Amino acid sequence: MQETRNGDAMKTGIASIGIQFPPLAMPVEDLARLRGEDPNKYTVGLGCKEMALCPSDYGVVELAVQAARRAIERWGGSLDDIGLIAVGTETSVDMSRPLSAWVASELGIKGAIRSYEVKHACYGGTLALRQAVEWRLSGAARGKSALVIASDVSLYAQGDPGEPTQGAGAVAMIVGEPLIAEIDPISYAYSEPAFDFWRPVGHDYPLVEGPLSLECYQRATSECFSALIGDNDPEEFLRGFAALCFHVPFPKMVKKAVQRLGESFGWDEATTRFFFEEKVDPTMSWNRRCGNAYTAALWISVAQTLKGLREGERITAFSYGSGFGAELLVLRAGPLAKRGEWANDVEGDFKRRSQIDAKAYAELRA
Ligand code: CAA
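Since the structure is predicted, the reported quantities are computational estimates derived from the model, not experimental observations. All residue numbers here refer to positions counted from 1 along the written sequence of the relevant chain. Given that this is a predicted model, residues contribute local features only at a pLDDT of at least 70 and side-chain atom pairs are listed and counted only at 80 or more, while totals for whole chains, interfaces and linings are drawn from all residues. Values reported for side chains reflect all heavy atoms of the structure, with hydrogen atoms and water molecules removed beforehand.

### Thoughts on the layout of surface pockets
- For cavity detection a 1 Å grid was placed over the protein atoms alone, and a set of points counts as a cavity when a 1.4 Å probe fits there but cannot get out; an open set counts as a pocket when protein lies on both sides within 12 Å along at least five of seven lines, with lining residues being those that have an atom within 4 Å of a point. Grid points are joined across faces, edges and corners, and a volume is the space filled by probe spheres set on the points. In this model, the largest pocket occupies a volume close to 1200 Å³.
- Along the wall of the largest pocket there are 40 residues; nearest its centre are Glu 90, Thr 91, Ser 92, Arg 199 and Asp 204.
- Elements are defined by DSSP. Helices are runs of H or I of four residues or more, strands are runs of E of two residues or more, and each kind is numbered from the N terminus. At the level of secondary structure, the elements contributing two or more residues to the lining of the largest pocket comprise β3 (50-53), β5 (114-118), β6 (145-154), β7 (167-176), β10 (197-198) and α13 (358-365).
- Of the residues assigned to the lining of the largest pocket, the class counts are 21 nonpolar, eleven polar and eight charged.
- Size it by volume and the second largest pocket reaches roughly 650 Å³.
- Looking at the second largest pocket, it is lined by 30 residues, and the ones nearest its centre are Pro 161, Gly 162, Val 208, Gly 210 and Phe 250.
- Classification convention: Asp, Glu, Lys, Arg as charged; Ala, Val, Leu, Ile, Met, Phe, Trp, Tyr, Cys, Pro as nonpolar; all other residues, Gly among them, as polar. In the lining of the second largest pocket, the residues fall into 16 nonpolar, nine polar and five charged.

Okay, structure coming up:
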């Protein structure tokens, strides 16, 4: 690991966060009525609440650019201090030109900068973040910071079982001084090739093997957490974290993953319930208001959870991307976590956005 001049290990992490949600939303109960489903299936069965939606002239680029603008403004650093822009997305607008080029063009960033897009389904944002962290720790960054963005619009074919889980959003992070959170250099990755959720070239919507995708997600959770916990007692070890954040395709998926973890650790029902209710469920409030934002989903949960943490408190972040790849990260809150200024982005966007009804949704999809 890179060392500072006085020999301390160099620390790196999140220096600033900016978040952007699109200007429309619809409660999932309205979609249930449109599709002739019992609304409880979506609210209780899947744990969903609202879907964030984009108007026809708005999309993944606008989300990424605005989130980045907010992160840079809050950071207060100079654009000259950015040496890397990496955007994780599975809503690519071009097979060749990276989404980072649209962001750089809008923000007027050019020069000695590595700029690229990262794809691995919902895991792409985490990979971009890990690359930025490792770039800093390797010394290759030569003191520069990175702009990392996770931006996605999740849409399924009309009537698809995944439709109530739709959503959108972007999280931008400046990776540099660990003012908001330090990111542990060691992380726990696991991957296995599978066709659980994929979108072939030319297809507007993903193809999904629903039950297989649930199984892959749960297996990845068990593998990554077992690697983190090692020979420690799982309950005692995990109690040491203020919260456990997960990729949130829909909240029930996360509950199922925690149940699987409990089973693999041999926990009784009360212990599993304690972990879900105290350490996991509270991390998904923003996700319930925006639906699945693919690459951004985990980082929306992490951003919500970091807000208000005392310096030194630790959380985990579990990333999952279909195909499939997963990685578990450990973050330690920095001095700016408590203020949680990025919550203003979220509260403002949720307050300003328009709620559309089923008729307007049908027109939008048409
Ligand atoms: N009242 C209350 N609950 C009800 C109900 C009712 N009237 N009707 C059904 N339910 C419950 C069911 O019992 C079920 O709960 P349990 O799983 O706890 O038993 C739940 O509602 C869902 O019902 P179904 O299993 O029948 O749901 P479905 O087959 O229609 O759709 C899904 C579920 C396949 C996961 C679908 O949402 C989907 O395709 N989603 C996209 C894929 C996905 O998100 N996979 C997650 C892992 S992959 C990943 O993480 C990457 C990513 O972001 C996509």
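### Some points on the site of the ligand
- Here a residue is near a molecule or strand as soon as one of its heavy atoms is found within 4 Å of it. Near the ligand lie 25 residues; those nearest to it are Asp 38, Lys 41, His 247, Lys 252 and Lys 256.
- Separating a nitrogen atom of the ligand from a side-chain N or O atom of Ser 213 is a distance of 2.9 Å.
- N or O atoms closer than or at 3.5 Å make up a polar contact, with two conditions inside protein: a donor-capable atom paired with an acceptor-capable one, and, for residues adjacent in sequence, both atoms drawn from side chains. The contact in question runs from an oxygen atom of the ligand to an N or O atom on the side chain of Lys 252, over 2.7 Å.
- Contact with the protein chains covers 71% of the free accessible surface of the ligand, which is 1000 Å².
- Grid points define the cavity or pocket, and a molecule sits in it when more than half of its atoms lie within 2 Å of them. With respect to the detected pockets, the ligand is housed in the second largest pocket.
- Within the residue set of the shell around the ligand, elements represented by two or more residues are α2 (39-45), α6 (210-229) and α8 (251-265).
- Sorting elements by how many residues they give to the shell around the ligand places α6 first, with four residues.
- Counted by class, the shell around the ligand contains twelve nonpolar, nine polar and four charged residues. Under the convention used here, a 1.4 Å probe and the Shrake-Rupley method define accessible areas, while residue burial counts only the protein chains that appear.

### Let's talk about the pattern of salt bridges
- By salt bridge we mean one thing: a side-chain nitrogen of Lys or Arg within 4 Å of a carboxyl oxygen of Asp or Glu. Tallied over the full model, the rule gives 20 salt bridges.
- The partner of Arg 289 in a salt bridge is Glu 50, with the nearest N and O atoms 2.6 Å apart. One end of the pair, Arg 289, is in helix α10 (residues 285-290); the other, Glu 50, is in strand β3, with 239 residues separating them in the sequence.
- For Arg 70, the salt bridge identified is with Asp 345, shortest N-O distance 4.0 Å. In this pair, Arg 70 sits in helix α3 (residues 60-75) while Asp 345 sits in helix α12 (residues 343-352), placing the two residues 275 residues apart along the sequence.

### Remarks on the packing of aromatic side chains
- Pairing of aromatic rings covers Phe, Tyr and the six-membered ring of Trp, with a centre-to-centre limit of 6.5 Å; geometry is then stacked below 30 degrees between planes, edge-to-face above 60, and tilted otherwise. In the structure shown here, the tally under the stated rule is 15 aromatic pairs.
- With a centroid separation of 6.2 Å and 35 degrees between ring planes, the pair formed by Tyr 190 and Phe 324 is classed as tilted. With a gap of 134 residues between them, Tyr 190 in strand β9 (residues 188-191) and Phe 324 in the loop between β13 (314-321) and β14 (325-333) connect regions that are remote in the sequence.
- Only protein chains enter the accessibility calculation, which uses a 1.4 Å probe; a residue whose area is less than 20% of its type maximum is buried, one above 50% is exposed, and one in between is partly exposed. The partly exposed category is assigned to Tyr 190, whose relative accessible area is 22%.

### Regarding the pairing of β14
- Counting buried residues in β14 gives eight out of nine residues, a clear majority hidden from the surface.
- Here strand β8 (residues 181-183) runs beside β14; their pairing, made up of three bridges, is antiparallel. Within β14, the position partnered with Ala 181 by the bridge is Ala 333.
- Summarising the sheet, β9 and β14 pair through four bridges and their orientation is antiparallel. Among the inter-strand pairings, Ser 191 is bridged to a residue of β14, identified as Gly 325.
- At least two DSSP bridges between two strands are required for those strands to pair. As judged from the eight bridges shared by β13 and β14, these two strands associate in the antiparallel manner. Bridged to Ser 319 within β14 is Glu 327.

### Looking at helix α11 (residues 297-306)
- Of all ten residues in α11, ten are buried, a share of seventy percent or more.
- Positioned one or two residues after α11, Gly 308 has a phi angle of 95 degrees, which is positive.

### So, unusual backbone geometry
- Across the junction of Gly 323 and Phe 324, the peptide omega takes the value -15 degrees, indicating a cis bond.
- One non-glycine residue, Arg 142, lies in positive phi territory at about 45 degrees.
- Structurally, the position occupied by Arg 142 is in the loop between α5 (124-138) and β6.
- For Tyr 294, which is not glycine, the phi torsion reads 45 degrees and is therefore positive.
- Within the element layout of this structure, Tyr 294 appears in the loop between α10 and α11.

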